[in-house]
Amino acid sequence: QVQLVESGGGLVQPGGSLRLSCVASGRTDSSYAIGWFRQAPGSEREFVSAIVWYDGRTYYTESVKGRFIISRDNAKNTVYLQMLSLKPEDTGVYYCASRRSWGYTWDEVELYDTWGQGTQVTVSS
């Protein structure tokens, strides 16, 4: 199986930026795509973005379009989430997750098989 480790979270002011990293190891050939999800206290985990390893196709939830950029470095087995113009509502624990296959939808937690430990992102003055 694939293992995932997130990093790059921290405390930033509104309007600031942060870049998260997700490093995959182990059976990386079993991973078709990587998604980013976030979870605020008391809220359900929600989809943020996803990227397909082989062709770089990307997906974003509406609330982050134009502000977040997902990318990947296949040689490093790493996916990045560049977050710009951060807002307090972006606060939460950010998780990367791996899915094994293509699908019509990208935002369902149930479609992802392996998860990282999460990294905290706090946007506050």
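Above this text sits the structure in question.
Criteria and thresholds
Residues numbered from 1 in each chain as written. Predicted model: local features only at pLDDT ≥ 70, side-chain atom pairs only at ≥ 80, totals over all residues. Heavy atoms only, no water. Pairing = 2+ DSSP bridges. Helix = DSSP H or I, 4+ residues; strand = E, 2+ residues; numbered from the N terminus. Axes fitted to C-alpha atoms, helices over the stretch in contact; angles between N-to-C directions. Buried < 20%, exposed > 50% of the residue type's maximum accessible area, 1.4 Å probe, protein only.

### Digging into the sheet that holds strand 8 (residues 78-83)
And then number 1: Pairing within the open sheet is antiparallel, and its 4 strands lie in the order 1-3-8-7. On the outer flanks of this sheet lie strand 1 (2-7) and strand 7 (68-73), each paired with one strand and no other. Neighbouring strand axes in the sheet, compared pairwise and without regard to direction, differ in orientation by 15° on average.
And then number 2: Strand direction decides the pairing type here: strand 3 (residues 18-26) and strand 8, joined by 6 bridges, are antiparallel. Pairing of Cys22 across the sheet is with Val79, part of strand 8.

### Focus: the pairing of strand 9 (residues 92-99)
And then number 1: Most of strand 9 is tucked away, with 7 of its 8 residues classed as buried.
And then number 2: In terms of strand pairing, strand 4 (residues 33-39) meets strand 9 through 7 bridges, oriented antiparallel. Across the sheet, Trp36 pairs through a bridge with Cys96, a residue of strand 9.
And then number 3: Pairing between strand 9 and strand 11 (residues 119-123): 3 bridges, direction antiparallel. Note on strand 11: the bridge partner recorded for Tyr94 is Thr119.
And then number 4: Relative to strand 10 (residues 114-115), strand 9 runs antiparallel, the two being bridged by 2 bridges. Across the sheet, the residue bridging to Ser98 is Thr114, located in strand 10.

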